[in-house]
Structures are given as C-alpha cells and as structure tokens.
Amino acid sequence: MLELDRVTKRFNGADGRAVTALSDVSLTIARHEMVCLVGRSGCGKTTTLRLIAGLERATHGRILLNGVPVEGPSAQRCVVFQRYTLFPWRSVLRNVAFGLEIQGVPKSKRHAIARHYLALVGLAEQVHAFPAQLSGGMQQRVAVARALATDPQVLLMDEPFGALDAQTRTVLQQELIRIWQEDRKTIVFVTHDIQEAALLADRVVVMQGPPGRIQAILNCDLPRPRDKGAPAFLALCDRIHTMLEVVNGWN
Amino acid sequence: MSRGFPILKGWLDRLTLPLLLLAGWQATALWLDKPTILPRLDAVASVLMQPTAKILITGSLIENMAVSLIRVVLGFLLAAGTAIPLGLAMGYFQRVERWVDSSVEILRPIPPLAWVPLILAWLGIRSLADWFPFLQTSLIGASIQFTTVVIIFIGAFFPVLLNTIQGVRRIPREYIESARTLGARGWALLHKVLIPASLPMVVTGLRIGLGIGWMCLVAAEMMPGSTAGLGYLIWYAYELLRADIIVAGMIAIGLIGFGMDKGFRRLEARLVWESSG
Ligand SMILES: Nc1ncnc2c1ncn2[C@@H]1O[C@H](COP(=O)(O)OP(=O)(O)OP(=O)(O)O)[C@@H](O)[C@H]1O
Ligand SMILES: [Mg+2]
C-alpha cells in the first residue's frame, strides 16, 4: 500500500519566490492498483510522481510504502519518463539488465531475465540494437521492460506515451494493460489524455493547481479490456472531462 | 571508371595547391641557392628519410621525437588524471563547483608559457633521471625535465577540465534519475552513468588538451635547460644555420600533431551514440 499523508511540496522558484507545487495532498493507493493522475499543466502531477519516487523530498507530510517512509530513490519504485529514458551508450539488452547489474545479479542470469522482459514487450529481436536505432515506441517498450526487470513494487510513469503517435500509443496502452494484468504492479500513471486515463485506470485522480491539490477521485470499474466506443466508456470520459472543466473553470 | 573519376577529381582538387606550393618552393630554393634561408626540398627530405641518423651533435630525429612524445604523454596523462576527476566532481556537485570555480577562472587565462620562469625557478632543470638514477645513462631518461612536463600539464589541464564539467552538466537528468530509481548510487552511478554519459565530451577535451600540450611542448623545449626534443632540435639547427633540419623538424612536429588529432577524432566519432544509425 502506498500512502501520501498530507504532502506539501514547495520549490524555490527561479525568481526566489517559493512555489507551492503540492498543497496538503493525501492519497492512498492499494497494492496492484492502477491509478492515473490527470490535470492541466503545472498542477503538480510530475511533482507527485517524483516525491513517490524519492527524487524529491516533501516539505511537509510523509509518503509511506507498506508503512515504511520513503527516504530516497530505490529499485522498489521505478520511474519511466517521457524522454531520455534509455541509456544511449548501452544496447537494449544491457539497458534492461541495468538494474539487475546494480544488484549484482550474475551476467548470464540478468541477461536471461532481460530477454524475458524484452520478449514480454515484443522486442525479442532487438536485444542487440542501440536505443538510437529504435523508434520512439520501441524505446518506450524497452523502458517499460527495464523498469519491470528489477521487479519493483511500484511503477511510476510520467506521460510515458505522450510523445508517441496515436496508433503506437494505443498499442502500447493495450500492452501495458496486458502486462499489468499478468504482473500486477502498483502503477501510478500521469497523463494529459482523458481517454488514456479512462482506458487504463482503476481510479482517476483529478488534480488542480498550482498549488496542486486533489480535486476529485473517480472510480472506473469498467471491465477490461475496455471498448473505447462503448457508452459506459464514453460516459466515463465525459465524467473526467467534466471534472477537469470544473477544475479549470471553463464553464 | 565512372565511379573512380569523381574520386580522382577530389584528390586532384586537394593536391593541386600543395603540389604547386612545393614546386614553387623548390624552384625558388634552386634559384636563390641560399640553403641557410630556403633549403631545397631534397635536402629536407634526406633529413626526414634518415630518421635514425645522428643529427649534428644531438640525437637522431627519432630520438628527439621520442623525447618530445614522452614529455607530452606524461604531461597529458597527468592532466587527464587530475582534470577528469575534478571535472566530474565540479560538474556533479554544485558545492565543489562553487569552491573551485573562481580559482580555475583566475588561473585559466594565464598562458602556459607564462608559467615557464616560475616553474624553472621552482624545479630548475631537474629531470626524471634525478629521481631514477638508472635512467641517467639514457638520453631519453635524462631529457624528461619536470619543467616541460609541468608546462604541458598546464596546457592540457584546462581544456580537459572544462569539457568534463560541460560533459557532466549536459547529461539529461533523466539518465541519472532513471539510474537512481533502478537502484544505482555512489560508485555505480559514477562509473555506469556519469562517466559513459559524459565520455564524448571528455574525449573532445582530451583531444584539445593533447593538441595544446603538443604546442606548448615545442615552445617549452626552446627554453633553457632543454637538451633534446623536436623543439630543441629546430632551435639548435637555427643556431647552426641548418634550415633543412629546421624544416624537417617542423614537418615532424606537424605530422605528429596531426596524427594525434586524427586518432582522437576517430575515437570521438565512435562515441557518438546519438547519431549512430
Ligand atoms: N524544480 C522545480 N523548481 C521550481 N518549481 C518547480 C520545480 N518543479 C516543479 N515546479 C513547479 O511546480 C508546479 C508543478 O509542476 P509539475 O511539473 O509537477 O506539473 P505537472 O502537473 O507535471 O505539469 P505538466 O503537465 O506540464 O507536466 C509548477 O508550477 C512548476 O513550475
Ligand atoms: Mg509533468
């Protein structure tokens, strides 16, 4: 279980004034749950993710994973960024094996595990390629495989498919659901895309800000795989949309 | 033929001017007939063609090259060995940067050769052989004065340092953060992420540093205390009015500098993963 307990995060802005990126945010995410964070730019989605990852320290409040406070980054909470995810000087195989290499897993074993996860994301053929030789979609698959390879409890994804074209995006969303159904990580997924949130999430957390707050939490209990044309799905998108509009005061 | 022709044409374009210049040189030298001012090309060539022959009372061309190369390599390695770690630390830790930066910025604009008098005053003409007596008998061992090595060190140090700092700063923070959330810390983060990610710029710094070190060397060898090396050789040849040896020495200096630069450029080209197709 992942808990954000009244978390506030302040940054020193460029002009010296303090920027409150998150204000008193509390959220509890169950094990194996897939949660999507949505909200307009600057509302603190990335900050939330980085705090959970341990890449930033909360100004106030605590973050607990299974009751243990998060003190810094760890292989328990792995991040997939939107860009610059892979190490360009390493082959695909060695990228995926990186976390295991850090843990001291012997070479043959870690390569076998890396191959397993690469097969899982459909890249069994590309093990010896370098990131620069792959398309953007393939690179993000490798990043997902690399994050899974160390078997973290929590997967933190910051608009991982945001830079991809619509078709590739749809394919990767489906793959992520398939992998998640097999592997059952806890996933916190940041997105701008309402459809993406509706397709993936068990719960959608709608944020507003700055200063970042949770505006609403919507349960999405539609069975998977979700049909993007089904009335219930469209109704769900509509609800998220309405929440965002309320938040942004467009009405 | 149709494929060979453009290549041939490329070579012709490249070679025409040099050949004309050489021909002009040789013609002028023959017409002038003053070998102390403008040596004939065949005289220069004959010095270059006998690299193992003793020149005047100094060693052979090869021996002088070896002395110069060893001095440069020593100074360069010393520079790389200190500038890279310092640069990594300055690039990564803002604290270290704040501590060291002003000193670097003050020392950096001082031309390496401006250090010569002070370093001579400190170190005199002591050489490696003063520390390792068994080197006393070899020309090479006795010729590696600390002064020249230190001058080269100073020349090579700053380009390596500045490029290393930039190399670390330009690492996208996603690389470092991905690595940290995959469990990398401390030493593993340094040698599995920071060093490989900054390597292309570090190698560029090494290439520039080696080039500057090489230029400093030749000037440093013209200073008192030096008794061997290519810089010394051409200075000595000047005193004996042997322009053929001067030109041959200059050509040797140019070729070695060119070769070192090319070697590093090859290495650099292999390290650019961004564009590797
Ligand atoms: N390192 C930082 N220093 C100063 N201010 C920051 C820093 N990181 C984030 N902020 C500020 O905190 C607020 C939240 O930023 P955050 O990146 O979390 O937003 P976001 O929801 O991820 O936005 P986007 O959708 O554009 O990615 C913004 O106002 C931003 O300017
Ligand atoms: Mg963001």
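Within every chain, residues take consecutive numbers counted from 1 along the sequence as written. Just so you know, chain letters begin at A and ligand numbers begin at 1, following the order they were written in. In keeping with the predicted nature of the model, local features appear solely for residues at pLDDT of at least 70, side-chain atom pairs appear and are counted solely at 80 or more, and the whole-chain, interface and lining totals rest on all residues. Side-chain measures were taken over the full set of non-hydrogen atoms in the model, leaving aside hydrogen atoms and water.

Asks: Is there a simple way to think about the interface of chain A and chain B in this case?
Replies: Interfaces are often sized by the accessible area lost when the parts come together. Taken together, the contact between chain A and chain B spans 26 residues of the former and 21 residues of the latter. As used here, buried area is the combined drop in accessible area, with a 1.4 Å probe, of two parts when they are placed together. Summing the contributions of chain A and of chain B, the shared interface buries around 2,100 Å²; its carbon and sulfur component is 66%. If you sort the residues of chain A by the area they bury against chain B, Tyr84(A), Trp89(A) and Ile102(A) come out on top, with a joint share of 28%. Any carboxyl oxygen of Asp or Glu that lies within 4 Å of a side-chain nitrogen of Lys or Arg is treated as forming a salt bridge with it. In this structure, Arg50(A) engages Glu177(B) in a salt bridge whose closest nitrogen and oxygen atoms are separated by 2.6 Å. Between N or O atoms, a polar contact is any pair within 3.5 Å; within protein, one atom must be a potential hydrogen donor and the other a potential acceptor, and residues adjacent in sequence are included only when both atoms are from side chains. One can count three residue pairs in polar contact (both at pLDDT 80 or more) joining chain A with chain B. In this analysis, two residues are considered to be in contact whenever any of their non-hydrogen atoms come within 4.5 Å of each other.

Asks: I would appreciate a short explanation of the sheet that holds strand E7 (residues 154-158) of chain A in the present structure.
Replies: The strands making up a sheet associate through backbone hydrogen bonding, with each pair oriented either parallel or antiparallel. Residue and element names in this part refer to chain A. A pair of strands is considered paired only if DSSP assigns at least 2 bridges between the two. Where helices and strands are cited, they refer to DSSP runs of H or I of at least four residues and of E of at least two residues respectively, numbered from the N terminus. In space, the six strands of this open sheet follow the order E6-E7-E8-E3-E9-E10, with mixed pairing throughout. The open sheet is flanked by strand E6 (77-80) and strand E10 (213-219), the only strands paired with a single partner. In this sheet, adjacent strand axes meet at a mean angle of 20° when their direction is disregarded. Contacts from helix H5 (residues 136-149) reach E6 and E7, with the element oriented near 175° to E6. Here an axis means a line fitted to C-alpha atoms, over the contact stretch when the element is a helix, while the angle between two N-to-C directions is reported on a 0 to 180 degree scale.

Asks: Just to check I follow, could you spell out the pattern of salt bridges for this structure?
Replies: Any two side chains of opposite charge can pair if their charged atoms end up close together. For the structure on display, the rule yields 27 salt bridges over all chains. In this structure, Glu101(A) engages Arg110(A) in a salt bridge whose closest nitrogen and oxygen atoms are separated by 3.9 Å. Note that Asp193(A) and Arg169(A) form a salt bridge whose closest N and O atoms lie 2.9 Å from each other. Taken together, the residues span a long stretch of sequence, with Asp193(A) in the loop between strand E8 (186-190) and helix H7 (194-200) and Arg169(A) in helix H6 (residues 166-183) at a distance of 24 residues. Residue Arg169(A) is classed as buried on the basis of its relative accessible area, which comes to 17%. Salt bridges linked by common partners bring Lys9(A), Arg50(A), Glu56(A), Arg173(B) and Glu177(B) together as one network. For each residue, the accessible area found with a 1.4 Å probe, counting protein chains only, is set against the maximum for its type, and the residue is called buried under 20%, exposed over 50%, and partly exposed in between.

Asks: Honestly, the UniProt feature "transmembrane region" (unreviewed entry) in chain B in this entry has me stumped. Any pointers?
Replies: Residues annotated in UniProt with the feature "transmembrane region" (unreviewed entry) correspond here to residues 69-93, 113-134, 140-162, 193-220 and 240-260 of chain B. Counted over residues 240-260 of chain B, helix gives 86% and strand 0%. Its end C-alpha atoms are 30 Å apart. UniProt positions are given in the numbering used here, feature names are shortened, and annotations may be inferred rather than shown by experiment.

Asks: Can you help me understand the packing of helix H4 (residues 94-107) of chain B against helix H8 (residues 146-169) of chain B in this one?
Replies: Residues and elements named next belong to chain B. Following both chains from N to C, one finds H4 and H8 inclined at 145°, their axes separated by 12 Å at the closest point. For the pair H4 and H8, the sense of crossing is left-handed. Contacts from Glu-97, Val-104 and Leu-107 in H4 reach Phe-158, Leu-161, Ile-165 and Arg-169 in H8. Of the residues assigned to the contact of H4 with H8, the class counts are five nonpolar, no polar and two charged. Two helices cross in a left-handed way if the nearer one is turned anticlockwise from the farther one by less than a right angle. They cross in a right-handed way if the turn is clockwise. Each residue receives one of three labels: charged for Asp, Glu, Lys and Arg, nonpolar for Ala, Val, Leu, Ile, Met, Phe, Trp, Tyr, Cys and Pro, and polar for the others, Gly being one of them.

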